[in-house]
Amino acid sequence: MGGTVALVDCNNFYASCERLFQPRLQGRPVVVLSNNDGCVIARSNEAKALGIVMGDAWHLRRAEFERWGVQVRSSNYTLYGDLSARVMRVLGDFTPDLEVYSIDEAFLGLDGFADPEGHARALRESVGRRTGIPVCVGISTTKTLAKVANRTAKKDPHSGGVCYLPDEASQTAALAKMELGDVWGIGRRLAPRLAALGITSPLKLRDADPTRIRERFNVVLQRTVMELQGTPCLDLEQDSPDSKTICCSRSFGRAVEGFDELAEALTAYTSYAAQKMRAQGLATAAVVVMLTTNRHRRKAEQVECELPTPSGPSTMSVWMSAEEEEADAASRVYVVCSTVLAACPTSSVLADPLNQPGPMPAGQVNSISPSAAAMLRA
Ligand SMILES: [Mg+2]
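Analysis parameters
- Residues numbered from 1 in each chain as written.
- Predicted model: local features only at pLDDT ≥ 70, side-chain atom pairs only at ≥ 80, totals over all residues.
- Helix = DSSP H or I, 4+ residues; strand = E, 2+ residues; numbered from the N terminus.
- Buried ≥ 20, exposed ≤ 12 C-beta atoms within 10 Å, placed from the backbone.
- Contact = placed C-beta atoms within 7 Å.
- Pairing = 2+ DSSP bridges.
- Axes fitted to C-alpha atoms, helices over the stretch in contact; angles between N-to-C directions.
- Core = buried A, V, L, I, M, F, W, Y, C linked by C-beta atoms within 7 Å.
- Domains from an automatic or database assignment.
- Nonpolar A, V, L, I, M, F, W, Y, C, P; charged D, E, K, R; others polar.
- pLDDT = per-residue confidence, 0-100.
- Right-handed = clockwise from strand over helix to strand, strands pointing away.
- Expected span 1.5 Å × (residues − 1).

A.B. asks: How do you make sense of the overall build of the protein chain when you look at a structure like this?
C.D. replies: The number of helices and strands found in the protein chain is 14 helices and 12 strands. Expressed as a percentage of its 378 residues, the buried residues of the protein chain come to 34%. Restricting the contact set of the protein chain to residue pairs at least 6 apart, pairs at least 24 apart contribute 67%.

A.B. asks: What should I look at first to understand the sheet that holds strand 3 (residues 40-43) in this one?
C.D. replies: Strands belonging to one sheet form pairs held by backbone hydrogen bonds; the direction of such a pair is parallel or antiparallel. Strand order in the open sheet formed by 3 strands is 3-2-4, with mixed pairing between adjacent strands. Each edge of the open sheet is held by one strand with a lone partner, namely strand 3 and strand 4 (71-74). The mean inter-strand angle of the sheet, taken between neighbouring strand axes irrespective of direction, is 30°. The pairing of strand 2 (residues 30-33) with strand 3 spans 3 bridges and is antiparallel. Paired with L33 across the two strands is V40, which belongs to strand 3. Each of strand 2, strand 3 and strand 4 touches helix 1 (residues 13-21); the most contacted strand, strand 2, lies at about 110° to it.

A.B. asks: For this particular structure, what's the right way to read the nonpolar core?
C.D. replies: It is characteristic of soluble globular proteins that their nonpolar side chains tend to be buried jointly. Counting residues in each nonpolar core, the largest one holds 54 residues, and the members touching the most others are A6, L108, V137 and A149. Counting the residues that make up this core, at least three belong to each of domain 1 (5-10 + 91-228) and domain 2 (13-79). The next biggest cluster of nonpolar side chains, apart from the first, holds 15 residues, and it includes C248, A273, V287 and V289.

A.B. asks: What should I look at first to understand the sheet that holds strand 5 (residues 97-102) in this one?
C.D. replies: An order of 5-6-1-7-8 is seen for the 5 strands of this open sheet, with the pairing classed as mixed. Looking at which strands have only one partner, the edges of the open sheet turn out to be strand 5 and strand 8 (162-164). Strand-to-strand twist of the sheet, defined as the mean angle between neighbouring strand axes without regard to direction, takes the value 15°. Here strand 1 (residues 5-10) runs beside strand 7 (residues 135-140); their pairing, made up of 6 bridges, is antiparallel. Across the sheet, residue V8 finds its bridge partner in strand 7, namely V137.

A.B. asks: Sorry, what's going on with the packing of helix 6 (residues 143-155) against helix 11 (residues 219-228) here?
C.D. replies: For any two helices packed against each other, the geometry is given by the interaxial angle and the distance between the axes. In the contact formed by helix 6 and helix 11, the axes pass within 7 Å of each other and the chain directions differ by 65°. Of helix 11, the residues touching helix 6 (which contributes K143, T144 and L145) are T224, E227 and L228. The residue inventory of the contact of helix 6 with helix 11, partitioned by class, reads 2 nonpolar, 2 polar and 2 charged.

A.B. asks: For this particular structure, what's the right way to read unusual backbone geometry?
C.D. replies: Trans is the common state for peptide bonds, and a negative phi is the common state for residues other than glycine. Phi is positive for N12, close to 40°, though the residue is something other than glycine. With respect to the element layout, N12 can be found in the loop between strand 1 and helix 1. Accessibility expressed as a C-beta count within 10 Å gives 23 for N12, which makes it buried.

A.B. asks: Just checking my understanding: could you explain the confidence of the model for the protein chain for this structure?
C.D. replies: For residues with low pLDDT, the predicted coordinates do not support detailed interpretation. Scored by pLDDT, the protein chain comes out at a mean of 80, with 74% of its residues at no less than 70. Across residues 312-337, confidence stays below pLDDT 50; counting only partners more than four residues off in sequence or on other chains, it has 80 contacts. Contacts of residues 346-373 to residues separated by more than four positions or lying in other chains number 62 contacts, the stretch itself having pLDDT below 50.

A.B. asks: Would you mind showing me how to read the pairing of strand 7 here?
C.D. replies: In terms of residue burial, strand 7 counts as a mostly covered element, since 6 of its 6 residues are buried. The two faces of strand 7 match: V135, V137 and I139 on one face and C136, G138 and S140 on the other face are all buried. Pairing of strand 7 with strand 8, which is carried by 3 bridges, proceeds in the parallel orientation. Directly across from V137, in strand 8, lies its bridge partner V162. Handedness of the crossover is the feature at issue here: the chain leaves strand 7, passes through helix 6, returns alongside strand 8, and the resulting connection is left-handed.

A.B. asks: Help me understand helix 12 (residues 259-279), please; the structure alone is not making it clear to me.
C.D. replies: Helical geometry: 3.6 residues make up each α-helical turn, so side chains three or four residues apart lie on a common side. Taking 1.5 Å per residue, 21 residues should reach 30 Å; helix 12 reaches 30 Å between its end C-alpha atoms and fits that length. In the stretch just after helix 12, G281 is the one whose phi turns positive, near 70°.

A.B. asks: Explanation requested: the environment of G230 in the structure shown.
C.D. replies: As for its placement among the helices and strands, G230 is situated in the loop between helix 11 and strand 9 (245-256). The class of G230 is partly exposed, set by 18 C-beta atoms lying within 10 Å.

Below, the structure written as structure tokens:
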């Protein structure tokens, strides 16, 4: 018998964030576009009702969107990250066991709560009141079943945004309304392989023999089956493991042709990446810089620069030999620019007089590496 676990998922998260600051978007179809305004990555319910799907290319559907009065927004990840942190802080008031699973999802351990459903309704109201973000809550005995419950809460207009599946009867009823590919971890590739064995629905998957599933597939799918049966196999992960890499990457909204402008952007992205790294108490031994020209014109290039010593909390400096770049770089067009830090624990930082604790002085990250500069020349 499992415990009690809830999954909180923000509704149409990016679209909801945009609405928060523009109340006139309430009740209207809203879509958020990917970097560079390429394709649809978030839709309000009204946009979904119009048949707009994830990944729809904006440039192909622009005229249609205008005709329908669809409100189109460029993505603003800084805003979404900030609102996500606010939502997670509220959730932290409702349980000591919180796993932030993604920018808009969290698992909550609710063992020992007498009335999990009432607690979830209070939580949902509190998140709405304190952050303005609408969420749905699914509660059940395992994480996989909490996902099922959350989906049910979203789909059922009478749920009030909360669905509790405490026993096999309620779980069976919810699973009966789903497709196999809707089950957490199944997806489009696994579903046909399962169908070949006669497992064509979530209920058939739940009733499969876990040992046989492990023999035919793997332990991950075996765990999914056991979780559907109500046996918890996935713990709440409250301490997220250290990042192996930290990346900050953006597409420019328009072509960037000047070296200075490019260096400025790269400096900013390196700073953001270093900021994330410091917040996690990590250091780095290598910096990777990727610059991509318009992908329809030139293939992506990448360069990695090894630091002489792992760089710690205060020093994330990268060097540039800029003088000879000016003339040449101006003739190119760069559309993507990013910095990746290969992170390692701060404790592994070598003794380095420059690695002083404390915040990084403004302007310290002010250049790009010689190898990146060499790549720009190439
Ligand atoms: Mg969501």
